[in-house]
Structures are given as structure tokens and as C-alpha cells.
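# Topology and contacts: notes
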Amino acid sequence: MKRFHNIILPVAVALIPVSASAEAWSLDSCISYAMAHNISVRQQDVRIKEGEYAIKEAQDRYLPTLDASASESMNFGRGLTSQNTYADRNTTSTSWNIGMSLPLFQGTAAYRRVKIAELSLQQYVLENESTKDNIALNIMSQYLQVLYCKEVAKSARSQAELSAFQVERQKALIESGKVAEATLYDLEAVAAQDRLQIVTSDNEIQTALVNLANMLQLPAVEGFDVVPLEEEDPLIPGPDEVYASAMGLNNSLLGARQAVKVANENIGLAKTGYIPTLSFNAGLGSSYYTVSGMPNEKFGRQMKNNYSTYLGFSLRIPIFDAFNTRNSIRRAKLQKLNAELSLEQRETDLYKDIQLAYYQAKGARERYLTSEETLEKTNLSFESTRERFDLGRATQADYEQAKNNLYKTEISRIQAHYEYLLRAKILRFYQTNKW
């Protein structure tokens, strides 16, 4: 009974891949490592940085623009003279100019661009957190898969120990002349199958560990291992209670709501196309001009005499822009509608996921508790069959049937237990945003 019932044992296996640490990884350490190294999270971090730059770019639209220009031109051949005749003349000209333009009123476009950039940055942050949430859920699922495979392997080893014991016992009976040698063959075949099951189970453990290590973006997998969870019987909160909490905590929903706000501001930005704009302009410049065959003032004197400055205001009043503003507003409204539909879809999907996780957790817990009781009775039945087999009152087929029933019941208990743990953790994650 003790051999089959105490399957969950503490695991203390060495090695963290990079530093060869003497400690195995906990669920918290796996998730924390993934948050810092996962490629999807790092890509989202780059997107957040771009959002910060977008805010600076939008704020810079309030600043004036300053431009400088210079030109040099040369003309050869016939040209019109001051006497209104044509003659062969070569001319050169040099000019330069510096101009400044300061936006005074942009129809609130600059203000709205800054606000959109700020709202978009908040959306990127929430979407980054949503990405982390999905990664945490995936790691949690794979982590429990590793633990499940470990328990299956332990159960397979217990079965192999029983088979090996029966083989050795049968050999002793053969040596004492109590049974025929032919009775050993079936037992050895079963023992070989049990050893094969151990190999298969160990390979499944390694596969699950490799998948988990890949999720963590670990540079190496050799020696990577995890520790069992301490929580064995978590509470299962109701779906409505979980959903009510998730409405204010779920980062995916919060990001979708933020997208609606961004889309709404884009409508306001598109409407600024109907509003006049006003800017202040100023500049200065000068030029130098020469004509071949004629007296020309020196470069410095011409630059001084031709020096000029200007100040002015520029008012732009939109009258007809080929419906560009109207079409931009329509597109912005459609984008807002699409964002609202995406939000509604996420709310529906979240409620469905919470309900599904709740009923799966509840069903798995009931199967787990039932399988605990079934395992106890199945183990008593197996012990009885084994005693009768040892006394020669039960056949080899009866013994193997009882042993297989015990193994299947144990596997069913392990499956129900880890599905119960996973669904309960998913519900708690949705409810508290903590794993």
C-alpha cells in the first residue's frame, strides 16, 4: 500500500543550465527567468521603447523648424542686356537664406498626437503584460506536465520492482523444485515490458523538460530539473467571482480597452483636418551677382547691400481637400468599431475560458478524490491477489490483471490530480493576476 500510495516525493536534482547550481528550479524561478529572457517579451520591450520615442516625436511638433540654404549658378551665352539687346554674356550668382517657421495653432493636431502617443504607450505596456501572462500560463502548464511525467515514471518503477521481485521468487521456487521452469517465461516477459515502460517514461520526462527549457530560452538543457509543488489541494473559486475580478485585472482586457481609447483619439485627430492652422515665419538672406564684361561690385559689398530679412504669418484655411479629411474620419471610426468588437470578443473569450477552467477543475478534483478511494481499494485487491498467487491459488493471468488495474488506477489518479492543479491555478491567476 505504501509503495503505491506515496508517489509524490520531493525532487532535489542538481543543475541550473548556465551556472550548474545545486538547486532545481521552482515554478516562480522559471516564470521570473522567462520574463527576463523570453524573445516575445523582449520584442514587446522594444515596442515600448518605440512608444516612448513616439511621445518625444509628437512633443517635438511644438518646436519651430529652422532651415538654411545656399545656391551657386552660372549662365553662358547670349542674354538680354539693360539696353534691351542681346549680347554674349557670362553671369554668375551666389545666394543664401535662413528661414524659420513656428507653428502657432495646428487645430489641436499636435495636442492630439501627443495624447495618442501617450495612450498608445500605455497600450503597449498592457499588451506586454498580457504577453507575460500568456507565457506564465504556458510555463505553468508545462511545469505541471514535467511533474506529471515524473510521477508516471515513479509508478512505472514500482511496477517494475514488483515484476522483478516475482521473477526472483519464481527462480527460487524453480531451484527448489516446487514449480516448472516454463512458468518463469511469462514473468520475465512482463518484467521486460515493465522495464521498457520505465525507458519510455524517462524519455517523456526528458522531452517535457526540454520543452520547458525552450520556453525559458535557456542556453543549455543538460541537468535542468524542477521541484514539486507544495500546494496539493487548492481552492476552486466560482466562475462569476473570478470573472468579476478579472474584468479589472486581466491585462488582455485592459489592453483592448486602451486600444478603444486610442481609436477614439484618432477620430479627433482626423477631424482636425477641418480646422485652420496658423504659423509664424521669419528669415534672412543675401546674394552676390556678376556679369562678364561689366563692372561688378565686390562680393562683400553686394552681400551687405543685398542683405534682407522678412517676418510674416501664414494662415491655412481648408476649403476642399478632395474629401481626404472625411475619408480619414470614416476610417478612424471603423478602426474604433473594430477595437470595440475586439474588446467584446476578448471579454466573451475570457468568460468562456474561466467557465471552462472552473468545470474542468471541479471535474478533475472529483475524479482525483474518487481515484484516491479507488486506488486504496484496488491496492487491497492487488495485495489479496498477490497473496493468493504466492500460495498458488491464483493464476499468472489473475496476478497480471490485478497489477495492471492497480497501475491504471494510479495513472488515472495522477492525471486527475495534475489537471485539477492546473485548472485551479489558472482560475487563481485570472482572479488575482498572480501565479
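Relevant structure appears above.
Throughout, a residue's number is its position along its own chain's written sequence, starting from 1. pLDDT decides what is reported in this predicted model: residues at 70 or higher carry local features, side-chain atom pairs at 80 or more are listed and counted, and totals for whole chains, interfaces and linings draw on all residues regardless. Side-chain numbers here rest on the full set of heavy atoms in the structure, without hydrogens or water.

### Topic: the side chain of Thr409
What counts, and what does not: Only runs of H or I of at least four residues qualify as helices and only runs of E of at least two qualify as strands under DSSP, and these elements are numbered from the N terminus. Here a polar contact is recorded for every N or O atom pair within 3.5 Å, except that within protein the pair must consist of a potential hydrogen donor and a potential acceptor, and residues adjacent in sequence are included only if both atoms are side-chain atoms. In what follows, a contact means two residues having at least one pair of non-hydrogen atoms within 4.5 Å.
Among the structural elements, Thr409 can be located in helix 10 (residues 396–432). Looking at Thr409, its side chain comes within polar contact range of the main-chain oxygen of Asn405, at 2.7 Å. In contact with Thr409, other than residues within four places in its own chain, are Ser371, Thr374, Leu375 and Thr378.

### A short note on the nonpolar core
Short version of the rule: Among buried residues, the Ala, Val, Leu, Ile, Met, Phe, Trp, Tyr and Cys ones that are joined through side-chain atoms within 4.5 Å form a nonpolar core. Relative accessibility thresholds used throughout: buried, under 20% of the residue-type maximum; exposed, over 50%; partly exposed, between the two (1.4 Å probe, protein chains only).
Grouped together as the largest cluster of nonpolar side chains are 59 residues, with contacts concentrated most on Cys30, Ile139, Leu216, Phe224 and Val226. Mapped by element, the contributors of at least two residues to this core are helix 2 (27–37), helix 4 (109–175), helix 5 (183–215), helix 6 (239–249), helix 7 (251–271), helix 9 (324–390) and helix 10. Counting residues per element, this core draws most heavily on helix 4, at 15 residues. What Ile139 contacts, discounting residues up to four positions off in sequence, is Leu27, Cys30, Ile31, Ala34, Leu212, Met215 and Leu216.

### Details of unusual backbone geometry
Positive phi outside glycine occurs at Ala322, with the angle close to 60°. You can see Ala322 is positioned in the loop between strand 6 (308–316) and helix 9. Taking the relative accessible area as the measure of exposure, Ala322 reaches 46% and is therefore partly exposed. The phi dihedral of Phe323 falls on the positive side, at around 65°, and the residue is not glycine. Residue placement: Phe323 occurs in the loop between strand 6 and helix 9.

### Here we look at helix 10
So the rule is basically this: To estimate the expected span of a helix, count its residues, drop one, and scale the result by 1.5 Å.
Between the first and last C-alpha of helix 10 there are 54 Å, a value that for 37 residues agrees with the 54 Å anticipated at 1.5 Å per step. In the stretch just after helix 10, Asn433 is the one whose phi turns positive, near 60°.

### With respect to the pairing of strand 4 (residues 91–105)
For clarity, the cut-off: Whether two strands pair comes down to DSSP finding at least two bridges between them.
Pairing of strand 1 (residues 65–75) with strand 4, which is carried by 11 bridges, proceeds in the antiparallel orientation. Within strand 4, the position partnered with Ala70 by the bridge is Trp96. Bridge analysis of strand 4 against strand 5 (residues 277–291) gives 14 bridges, and the strand direction is antiparallel. Along strand 5, the bridge assignment pairs Phe105 with Leu278.

### Quick word on a nonpolar patch on the surface
This is how the line gets drawn: Two distance rules govern patches: like charges are joined within 9 Å, and nonpolar side chains (Val, Leu, Ile, Met, Phe, Trp, Tyr) within 5 Å, applied only to residues with over 30% relative accessible area and no salt bridge. Note on areas: these come from Shrake-Rupley sampling with a 1.4 Å probe, and a residue is covered only by the protein chains present in the view. Basic side-chain nitrogens of Lys or Arg form a salt bridge, by our definition, when they fall within 4 Å of a carboxyl oxygen of Asp or Glu.
On the surface, Leu104, Phe105, Leu278, Phe313, Leu315, Ile317, Ile319, Phe320 and Phe323 cluster together to form a nonpolar patch covering roughly 1000 Å² of accessible area. Elements with a contribution of two residues or more to the nonpolar patch: strand 4 and strand 6. Assignment of secondary structure puts Leu315 in strand 6. Accessibility expressed as a relative area gives 54% for Leu315, which makes it exposed.

### Section: the packing of aromatic side chains
Heads up, the condition is: In this scheme Phe, Tyr and Trp rings, the latter by its six-membered ring, pair at centre separations within 6.5 Å, and the angle between planes marks the pair as stacked below 30 degrees, edge-to-face above 60, and tilted otherwise.
Counted according to the given criterion, the structure contains 11 aromatic pairs. Between Trp25 and Tyr33, the aromatic rings sit 5.2 Å apart at their centres with planes inclined by 75°, giving edge-to-face as the arrangement. Neither residue differs from the other here; Trp25 and Tyr33 are each classed as buried. With centroids separated by 4.9 Å and ring planes inclined at 75°, the aromatic side chains of Tyr243 and Tyr351 adopt a geometry described as edge-to-face. With a gap of 108 residues between them, Tyr243 in helix 6 and Tyr351 in helix 9 connect regions that are remote in the sequence.

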